[in-house]
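Residue-level structural notes
Listed here are the chains, written in short residue letters.
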Amino acid sequence: MEDVLESLQPHPNLEKLIIRGYPGVLFPNWMLSSSHATFMNFSNLVYLELRGCRKCKQLPPTLGKLPSLETLVIGGMAKVKFMGVEFFGINDDGATRSSDGGVVVDTTIIFPKLKVFHLSNMSNLEEWDMRIHKQDRKEFIFMPCLQYLFLLLLPKLRLFPQHLTQATTLMKLFIWDCPKLTWMQLPSPSSSSSHNLPPFLQVEELILKEDAGSFSKALVRNNHVFLPKLKLLRVRLSPYSSLPKGLGKLTSLESLDIRTCSKIKSIPEEVGELQHLTALQELRIMRCPALRRRCQKEIGEDWNKISHIPNIFIDDKKIK
């Protein structure tokens, strides 16, 4: 099988490539080569999917430089424990130069056109950290066009990657069954420099399914709101007895959608701060027995906590 894939040669205008169930340890040389001639064969590639390559420990080193790649799907690579600079084969090649106050700065753009990144079923992935630090006269820009990020079935992933805070275009984040995932460390309170401001995401839509780690527990950390532009929050199959803490601080929130959360027993008092969220226009509750009972119009124990919301739906029935 490895020889068969090795003997293939990509068409110069290849736009979509899907490899599933590849049994080799390394990808073929025509994917691994970083030479200019080979790399140019992929200049039109907009969609790349690598699934079920269970013996591979490293991705082709050209991925981060593919100039037209818009969708990247990676899944089922059980040998991978760490995703970093080496995993994507990132180096200083391909840097562009600009002048900043008379100082020449080398800028490397990683995944320059990527809009969708789908990472799933990586059973042993523990860390995703590009560990790219700003150096003298060097600057790295990571996924500047990213709009949709899917993190699915990553049972050992520990820390949300800080480099994704550079993705100012990120609109939708979907986290499904990542029980150990936590938000990144905050800078020291004694650091007042603008370069040490608390990190945040520009996400407008967040979907949390099953155990999404710390995201399922709290959407603030040390009183810091790291999702200041969030408009839509969907909670699905939560294993916890309450909604994420900090909802009352999401001042841009317009819609809250809770479904199939049988363990959530009530709208907590802390979430009573929802009354101060003037942007909140819609609440949807479906297949949540305890919430359905407590949020009954006029008579439910939690009705006073939600009655200010203009549009309320319970099991698809509009009650307000």
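The rules behind these values
Residues numbered from 1 in each chain as written. Predicted model: local features only at pLDDT ≥ 70, side-chain atom pairs only at ≥ 80, totals over all residues. Heavy atoms only, no water. Helix = DSSP H or I, 4+ residues; strand = E, 2+ residues; numbered from the N terminus. Buried < 20%, exposed > 50% of the residue type's maximum accessible area, 1.4 Å probe, protein only. Areas by Shrake-Rupley, 256 points an atom, 1.4 Å probe, with all protein chains shown as cover. 1 Å grid on protein atoms, 1.4 Å probe; cavity = no way out; pocket = protein on both sides within 12 Å on 5 of 7 lines; lining within 4 Å. Points joined across faces, edges and corners; volume = space filled by probe spheres on them. Nonpolar A, V, L, I, M, F, W, Y, C, P; charged D, E, K, R; others polar. pLDDT = per-residue confidence, 0-100. Contact = heavy atoms within 4.5 Å. Patch = residues over 30% accessible without salt bridge, like charges linked within 9 Å, V, L, I, M, F, W, Y side chains within 5 Å. Salt bridge = Lys/Arg side-chain N within 4 Å of Asp/Glu carboxyl O. Lys, Arg positive; Asp, Glu negative; His and termini not counted. Charge placed at Lys NZ, Arg CZ, Asp CG, Glu CD. Phe/Tyr/Trp six-rings, centres within 6.5 Å; stacked < 30°, edge-to-face > 60°. Core = buried A, V, L, I, M, F, W, Y, C linked by side-chain atoms within 4.5 Å. Pairing = 2+ DSSP bridges. Disulfide = S-S within 2.5 Å.

Description of the overall build of the protein
- Across its full length, the protein carries seven helices and 19 strands.
- The burial tally for the protein puts 45% of its 320 residues in the buried class.
- Per element, the accessible surface of the protein, about 15700 Å² overall, is 50% carbon and sulfur.

Re empty space enclosed by the protein
- Counted by the stated rule, this structure contains two cavities of 30 Å³ or more.
- Within this model, the largest cavity holds a volume of roughly 50 Å³.
- Around the largest cavity sit Leu 17, Met 31, Phe 42, Leu 45, Leu 48, Pro 60, Thr 62, Leu 63 and Leu 66, which together line it.
- When the residues that make up the lining of the largest cavity are grouped by side-chain class, the tally is eight nonpolar, one polar and no charged.
- Approximately 30 Å³ is the volume found for the second largest cavity.
- In terms of lining, the second largest cavity is formed by Arg 259, Arg 284, Ile 285, Met 286, Phe 313, Asp 315 and Asp 316.
- The element that contributes the greatest number of residues to the lining of the second largest cavity is strand E17 (residues 282-286), accounting for three residues.
- The residue makeup of the lining of the second largest cavity, split by class, is three nonpolar, no polar and four charged.

Quick word on the confidence of the model for the protein
- Considering every residue of the protein, the mean pLDDT works out to 84; 82% of them sit at 70 or more.
- This model gives residues 94-99 a pLDDT under 50, and the stretch forms 14 contacts once residues within four places in sequence are excluded.
- Contacts from residues 189-195, a stretch scored under 50 in pLDDT, to residues over four places away or in other chains number one contact.

A word on a positive patch on the surface
- Among the surface-exposed residues, Lys 55, Lys 57, Lys 79, Lys 81, Lys 156 and Lys 180 lie close enough to one another that they form a single positively charged patch.
- The topology assignment puts Lys 79 in the loop between strand E3 (71-75) and strand E4 (82-83).
- Classification of Lys 79 as partly exposed rests on a relative accessible area of 48%.

Notes on the packing of aromatic side chains
- With the rule as written, the count across this model stands at nine aromatic pairs.
- Measuring from centroid to centroid gives 6.1 Å for Phe 150 and Phe 174, while their planes differ by 65°, and the two rings are edge-to-face. Of the two residues, Phe 150 sits in strand E10 (residues 148-152) while Phe 174 sits in strand E11 (residues 172-176), which places them 24 residues apart along the sequence.
- Ring centres 6.2 Å apart and planes at 90° place the aromatic pair Trp 183 and Phe 215 in the edge-to-face group. Of this pair, Trp 183 sits in the loop between E11 and strand E12 (205-209) while Phe 215 sits in helix H5 (residues 214-217), and the two are 32 residues apart along the sequence.
- We classify Trp 183 as buried; its relative accessible area is 1%.

Looking at the nonpolar core
- Formed by 86 residues in total, the largest nonpolar core has its most connected members in Phe 117, Leu 119, Phe 160, Phe 215 and Leu 233.
- With residues near it in sequence (within four places) discarded, Phe 160 still touches Leu 149, Leu 151, Leu 173, Leu 181, Thr 182, Trp 183, Met 184, Leu 201 and Phe 215.

Regarding the pattern of salt bridges
- For the structure shown, the criterion picks out 13 salt bridges.
- Across the salt bridge formed by Glu 127 and Arg 158, the nearest N and O atoms sit 3.9 Å from each other. Taken together, the residues span a long stretch of sequence, with Glu 127 in strand E8 (residues 127-128) and Arg 158 in the loop between E10 and E11 at a distance of 31 residues.
- The partly exposed category is assigned to Glu 127, whose relative accessible area is 23%.
- Across the pair Glu 282 and Arg 284 runs a salt bridge, and its minimum N-O distance is 3.2 Å.

Considerations on unusual backbone geometry
- For Phe 111, which is not a glycine, the phi torsion comes out positive at approximately 55°.
- With respect to the element layout, Phe 111 can be found in the loop between strand E6 (103-110) and strand E7 (116-120).
- Using a relative accessible area of 1% as the deciding quantity, one classes Phe 111 as buried.
- Here Arg 287, not a glycine, exhibits a phi torsion of approximately 55°, which is positive.
- For Arg 287, the location among the structural elements is in the loop between E17 and helix H6 (289-294).

Details of the pairing of strand E2 (residues 47-51)
- Bridging between strand E1 (residues 16-20) and E2 involves five bridges; their strand directions are parallel. Across the sheet, the residue bridging to Lys 16 is Tyr 47, located in E2.
- With five bridges connecting them, E2 and E3 associate as parallel partners. Counterpart to Tyr 47 in the pairing with E3 is Thr 71.

A short note on the state of the cysteines
- All chains considered together, the criterion is met by zero disulfides.
- Of the cysteine sulfurs around Cys 261, a residue in no disulfide, the closest is that of Cys 288, at 4.8 Å.
- By relative accessible area, which is 1% here, Cys 261 ends up buried.

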